[in-house]
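Residues per chain are reported as follows:
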Amino acid sequence: MKTIEIMPLNKSMKNLSSYEEGKSYRKQFDLDNLDVNENLVYVDISTKFHSVSYKFFVGMFGGSLKKLGNKFSSHYRFMAGNKINAKFSEYTTQFLIREQAENL
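Remember, it's a predicted structure, so these values are computed and weren't measured experimentally.

Brief notes about the sheet that holds strand S3 (residues 41-45)
Logical step 1: With parallel pairing, 3 strands are arranged side by side in an open sheet as S1-S3-S5. Here the strands that pair on one side only, and so sit at the sheet edges, are strand S1 (2-6) and strand S5 (76-79). Direction aside, the axes of adjacent strands within the sheet are offset by 20 degrees on average.
Logical step 2: With 5 bridges joining them, S1 and S3 adopt parallel strand pairing. Opposite Glu5, over in S3, you have Asp44 as the bridge partner.
Logical step 3: Running at roughly 150 degrees to S5, helix H3 (residues 54-68) makes contact with S1, S3 and S5 of the sheet.

Written out as C-alpha cells, the structure is:
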C-alpha cells in the first residue's frame with residue numbers, strides 16, 4: 001500500500017483546476033511507476049481544497065485511466081471530502097466512456 005498526499009502549495013490555494021497542475025502532480029508522485037505497481041494507492045486530498053476540476057483530474061490520472069481502464073478504481077482509492085470523492089467517481093466514469101467511444 002502506498003499513500004500520496006495532495007496538499008495546497010500555498011495558503012491561498014483552494015482549487016485544483018488546470019490540466020498542467022494535474023500533470024505536475026502526476027510527475028511529482030511518479031504515477032507512471034505506481035500504475036504498474038501491484039500495491040493499492042491511496043490518494044489523500046487535503047480538505048483545504050474546495051473543488052477539483054475535470055481538467056486537473058485528467059492531467060493527473062488520464063494516463064493511469066488509459067493504462068488501467070476499469071481496474072483504475074480498484075488500484076487508486078481517494079480519501080477526500082464527500083463532494084470531491086463524488087466528483088472523482090463521476091470523472092472516472094466520464095473519462096472511461098469517452099475513451100470507449102473514441103475506440104469504436
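A look at helix H5 (residues 82-102)
Logical step 1: Compared with the 30 Å implied by 1.5 Å per residue over 21 residues, the 30 Å span of H5 between its first and last C-alpha is a close match.
Logical step 2: Along H5, the residues that are buried comprise Ile84, Phe88, Tyr91, Thr92, Phe95, Leu96 and Glu99. Within H5, the buried residues cover an arc of 125 degrees as seen down the axis, which keeps them to one side. In H5, those exposed residues whose orientation departs by more than 90 degrees from the buried face are Asn82, Lys83, Ile97, Gln100 and Ala101.
Logical step 3: In this structure, the buried side of H5 is in contact with S3, strand S4 (51-52), H3, helix H4 (72-75) and S5.

Here we look at the pattern of salt bridges
Two side chains carrying opposite charge are able to pair once their charged atoms lie near each other.
Logical step 1: All told, the structure shown has 5 salt bridges when counted by the stated rule.
Logical step 2: With a shortest N-O distance of 2.8 Å, Arg26 and Asp32 are connected by a salt bridge.
Logical step 3: A salt bridge links Lys67 to Asp32, with the nearest nitrogen and oxygen atoms 3.3 Å apart. Here Asp32 lies in helix H2 (residues 31-36) and Lys67 lies in helix H3, a separation of 35 residues in the sequence.
Logical step 4: On the accessibility criterion, Asp32 (44% relative accessible area) is partly exposed.
Logical step 5: Shared partners join several salt bridges into a network, and the residues in it are Arg26, Asp32, Asp35 and Lys67.

Thresholds applied
- Residues numbered from 1 in each chain as written.
- Predicted model: local features only at pLDDT ≥ 70, side-chain atom pairs only at ≥ 80, totals over all residues.
- Heavy atoms only, no water.
- Pairing = 2+ DSSP bridges.
- Helix = DSSP H or I, 4+ residues; strand = E, 2+ residues; numbered from the N terminus.
- Axes fitted to C-alpha atoms, helices over the stretch in contact; angles between N-to-C directions.
- Contact = heavy atoms within 4.5 Å.
- Expected span 1.5 Å × (residues − 1).
- Buried < 20%, exposed > 50% of the residue type's maximum accessible area, 1.4 Å probe, protein only.
- Arc of directions from axis to C-beta.
- Salt bridge = Lys/Arg side-chain N within 4 Å of Asp/Glu carboxyl O.

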